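# Architecture and fold: a report
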Amino acid sequence: MVDVSDKQVTVREATAGGTVLVSAETFGLIVRGEMKKGDVLAVAQVAGIMAAKRTSDVIPMCHPIMITGVDVSYLCDESRRAIDITATVRCKGETGVEMEALTAVSAAALTIYDMCKAAQKDIEITNIRLLKKTGGKSGDWVR
C-alpha cells in the first residue's frame, strides 16, 4: 500500500457512473416496485452506500478512508431500458475516493442484477467509469 503520510489533507470528491440494461418487462417491474425481492432501487442504493464504506475491505491496496458523504442515485431511462447509476463520495483526507465511488456503483449494479435475475437471465452491467474527481495534488479531473 502506498504511504500517503506526506500528502496534504484536502477535501476530495469523486463521482462514478454505470448502467444496468434490462428487458422492457424487467424495467417495468423495477420502476413499479413489483420485483419479488422488494424495492430494487432502494436496496441497491443502500448496497452502494455500504460498499463505499467498505471499499478497503475488498480492494487490497486501498486505504481505509473516513468518508464524510456518499450519494447514490438513479436515472431510469425507459427508451433504453436502462438504469443509470451515479455515486458521489466525499472525504477530507490524504488520498482520493475514486475507488469508493466506483465500488459503490459496482455494488449497486450487482444488487440490481441479484434482485432481478429471477425475472431475467441476460441483464447487462456496463460502462462503469470515473466521471470526475476533485481535490488533492493532481487537482480536478472531468471525463
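Below or above, wherever it landed, is the structure these notes cover. (Residues numbered from 1 in each chain as written. Predicted model: local features only at pLDDT ≥ 70, side-chain atom pairs only at ≥ 80, totals over all residues. Heavy atoms only, no water.)

Moving on: the overall build of the chain. When helices and strands are tallied, the chain shows 4 helices and 5 strands. Starting at the N terminus and walking to the C terminus, you meet the elements of the chain as β-α-α-α-β-β-α-β-β. A compact globule built from 143 residues should have a C-alpha radius of gyration of about 15 Å, and the chain, at 16 Å, falls within 12% of that. Dimensions of the chain, computed from C-alpha atoms along their principal axes, come out at roughly 55 × 25 × 20 Å. Within the span of the chain, comprising 143 residues, buried residues form 43% of the whole. Intrachain contacts of the chain at a sequence separation of at least 6 include 72% that bridge at least 24 residues. Accessible surface computed for the chain: about 8100 Å², of which carbon and sulfur atoms make up 54%. Charged side chains of the chain number 18 positive and 18 negative; the gap between the two group centres comes to 1 Å. (Helix = DSSP H or I, 4+ residues; strand = E, 2+ residues; numbered from the N terminus. Rg over C-alpha atoms; globule rule 2.2 N^0.38 Å. Buried < 20%, exposed > 50% of the residue type's maximum accessible area, 1.4 Å probe, protein only. Contact = heavy atoms within 4.5 Å. Areas by Shrake-Rupley, 256 points an atom, 1.4 Å probe, with all protein chains shown as cover. Lys, Arg positive; Asp, Glu negative; His and termini not counted. Charge placed at Lys NZ, Arg CZ, Asp CG, Glu CD.)

Looking at where Thr-26 falls in the secondary structure, it is placed in helix H1 (residues 24-32). The exposure class of Thr-26 is buried, given its relative accessible area of 1%. At 2.9 Å, the side chain of Thr-26 and the side chain of Gln-120 are in polar contact. Leaving out residues up to four positions away in the same chain, Thr-26 has contacts with Met-35, Cys-116, Ala-119 and Gln-120. (Polar contact = N/O pair within 3.5 Å; in protein donor to acceptor, adjacent residues only side chain to side chain.)

It is worth spelling out the sheet that holds strand S4 (residues 124-134) at this point. What the 5 strands build is an open sheet, ordered S2-S3-S1-S4-S5; its pairing is antiparallel. With partners counted over all chains shown, the strands left at the sheet margins are strand S2 (67-77) and strand S5 (141-142), one partner each. Relative to strand S3 (residues 82-93), strand S1 (residues 10-21) is paired through 12 bridges, and the arrangement is antiparallel. Across the sheet, the residue bridging to Gly-17 is Thr-86, located in S3. The sheet strands contacting helix H2 (residues 40-53) are S2 and S3, and the helix crosses S2 at an angle near 145°. (Pairing = 2+ DSSP bridges. Axes fitted to C-alpha atoms, helices over the stretch in contact; angles between N-to-C directions.)

Moving on, we get to the pattern of salt bridges. Inspection of every chain in the model, using the stated rule, returns 8 salt bridges. We note a salt bridge from Arg-90 to Glu-13, for which the minimum N-O separation is 3.9 Å. One end of the pair, Arg-90, is in strand S3; the other, Glu-13, is in strand S1, and 77 residues separate them in sequence. Asp-71 is paired through a salt bridge with Arg-90; the nearest N and O atoms lie 2.8 Å apart. With Asp-71 in strand S2 and Arg-90 in strand S3, the pair connects residues that are 19 residues apart, well separated along the chain. Overall, the relative accessible area of 42% leaves Asp-71 in the partly exposed class. (Salt bridge = Lys/Arg side-chain N within 4 Å of Asp/Glu carboxyl O.)

To continue, consider unusual backbone geometry. Excluding glycine, residues mostly carry a negative phi; peptide bonds, for their part, are mostly trans. Phi at Arg-81 is positive, roughly 55°, even though this residue is not glycine. Inspection of the secondary structure puts Arg-81 in the loop between S2 and S3. Under the relative-accessibility criterion, Arg-81 is labelled partly exposed at 36%.

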